[in-house]
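# Descriptive structure summary
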Amino acid sequence: MNEATYHNELLKCNRCGACKELCPTYLTTLNETMGARGRIAMLGELEEKQLVPTKKLAEKIFSCMLCGACRDLCPTGINIPEVIYQGRARLKNLFGRGLLLRTALRYSVPRTDNVFSILKKMQKLFYQPLYNRGVLPYIPEITSEPFKNSFQVYKKFKRLSRIAIFSGCSVNYLYPDLGKALSRILLSKGFEVIVFKGELCCGAPLRSAGLEDEAVSLAKRNIEHFSKVRAEAIISMCPTCTMVIREHYSGISNNTISNFMDINEFFIKYDIAKDLEISPAVITYHDPCHLNHGLKIKNEPRQILKDIKGVEFIEMQHAGECCGFAGSFSLHFKDISKNIGRKKIHNIADTMADTVVTSCPGCIMQLEGLKRETNMKLNIKHIIEVVDEAMRTAVE
Ligand code: SF4
Ligand code: SF4
């Protein structure tokens, strides 16, 4: 978004307040400056020089979860999350709490393997006491074998087609078993599977931290990398990666990866969950914000789950409301993150389901942390795990 477009987007706001209706940070704090309208108004007044940039103002702009719940509510069509990204790029140096993370991201994103291996050692030494004192949220154990390094190509003699997996940082370093489960699913359906050692972060954490130039350079490198791949589809288990690559890359780098897909779309397109069965389970589904609001994928995961025999599906209240994770938001705004998450846990508990399924590794991390806090008995699964389990049951 160039200067003129940014300026014009802000001018379009008529202060109607429609965008506040689903804004989780507003609904949790009931503070106008913590809501969509307040943020757009502040950025507009900053642009008109009626406000001066301050640390407090930067804090309000960085307190947005970038969930996108406000986007379709705006009658004048302002792309609110995109305007917030642009606002952050302008205000980043005033957001003091984000300084450490910005510095770390600048250094770590181009060399994630090295950084996660250092983090793994630090996690062993320092994490538990900090978690016990509530300083850090729940983080699963960092793996010593990133998924993308575990294998490169699984060839099939008679292949249906070739599919490339974009693992994303959370699957690579925190949830490699999800990557392995997806590989098993694809291989058992007759696809050739490729995983890239050279895959880079999608750039979402950089954009979120206001580091637009760095995100653009990463986008260009990923586009160049994946343009060399001859695959029917490149699929991802993380909706944030999918949204950023599919929806943001064209805006920030004038290019995109056109055959990039979310796994739910892919599973529906290829009838992956057809004729599958699992042991009886009562399941409810939590919509990840970037899948639901960002990519408008809402029915597909429900369809997949309902197609599996043995699943009793129960819809929870407000399934589309955020779980409170939002990446670095859960570190910088811990109390709001937990308050939003507790509401989600209540809605899950009200269904009496034994399992909550979602399609995002970040949501799994947040729900796992909340489950531990409340000592709740609940299975938390990525949709890939349910499909993988059903496929393995079918083989046995
Ligand atoms: S993206 Fe989410 S948190 Fe941010 S202003 Fe919009 S609704 Fe509120
Ligand atoms: S819905 Fe759009 S026009 Fe209305 S206050 Fe929000 S940003 Fe402004």
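Residues numbered from 1 in each chain as written. Chains lettered and ligands numbered in written order. Predicted model: local features only at pLDDT ≥ 70, side-chain atom pairs only at ≥ 80, totals over all residues.

Let us look at the site of ligand 1. Taken together, 15 residues lie near ligand 1, and Cys23, Ala36, Cys64, Cys67 and Cys70 sit nearest. Looking at the shell around ligand 1, the elements with two or more residues in it are α2 (24-29), α3 (36-47) and α5 (80-91). Class assignment of the residues belonging to the shell around ligand 1 gives a composition of 12 nonpolar, 2 polar and 1 charged. (Near = placed C-beta within 6 Å. Helix = DSSP H or I, 4+ residues; strand = E, 2+ residues; numbered from the N terminus. Nonpolar A, V, L, I, M, F, W, Y, C, P; charged D, E, K, R; others polar.)

Taken as a whole, the protein is organised into domain 1 (3-94) and domain 2 (274-395). Taking only C-alpha atoms, the centre of domain 1 and the centre of domain 2 are 29 Å apart. Each side of the interface is counted separately: domain 1 has 12 residues, and domain 2 has 13 residues. Grouping the amino acids of the side of domain 1 that touches domain 2 by side-chain chemistry returns 6 nonpolar, 5 polar and 1 charged. (Domains from an automatic or database assignment. Contact = placed C-beta atoms within 7 Å.)

The next subject is the sheet that holds strand β9 (residues 379-382). Read across the sheet, 4 strands follow the order β7-β6-β8-β9 without closing on themselves; strand pairing throughout is parallel. The open sheet terminates on both sides in strands that have one partner only, identified here as β7 (309-313) and β9. The sheet shows a mean angle of 40° between the axes of neighbouring strands, direction not considered. Direction of pairing for strand β8 (residues 355-358) relative to β9: parallel, over a ladder of 4 bridges. When the sheet's bridge partners are listed, valine 356 is paired in β9 with isoleucine 380. (Pairing = 2+ DSSP bridges. Axes fitted to C-alpha atoms, helices over the stretch in contact; angles between N-to-C directions.)

On to the packing of helix α18 (residues 334-351) against helix α19 (residues 361-374), then. Between α18 and α19, whose axes approach to 10 Å, the crossing angle comes to 80°. As summarised for this structure, α18 and α19 are arranged roughly perpendicular, according to the angle between their axes. Taken together, the residues of α19 that come into contact with α18 (itself represented by Gly341, Arg342 and Ile345) are Gln366, Leu370 and Thr374. Residues of the contact of α18 with α19, tallied by class, amount to 2 nonpolar, 3 polar and 1 charged. (Parallel < 35°, antiparallel > 145°, perpendicular 65-115°, else oblique.)

Taken together, 15 residues lie near ligand 2, and Cys13, Cys16, Cys19, Arg37 and Cys74 sit nearest. Across the shell around ligand 2, the residue classes tally to 10 nonpolar, 3 polar and 2 charged.

Turning our eyes to something else, we now look at the environment of valine 282. Inspection of the secondary structure assignment puts valine 282 in strand β6 (residues 277-285). Residue classification places valine 282 among the partly exposed positions, given that 13 C-beta atoms sit within 10 Å. Here valine 282 is in contact with Glu312, Ile314, Met352, Ala353, Asp354 and Thr355, once residues within four sequence places are set aside. (Buried ≥ 20, exposed ≤ 12 C-beta atoms within 10 Å, placed from the backbone.)

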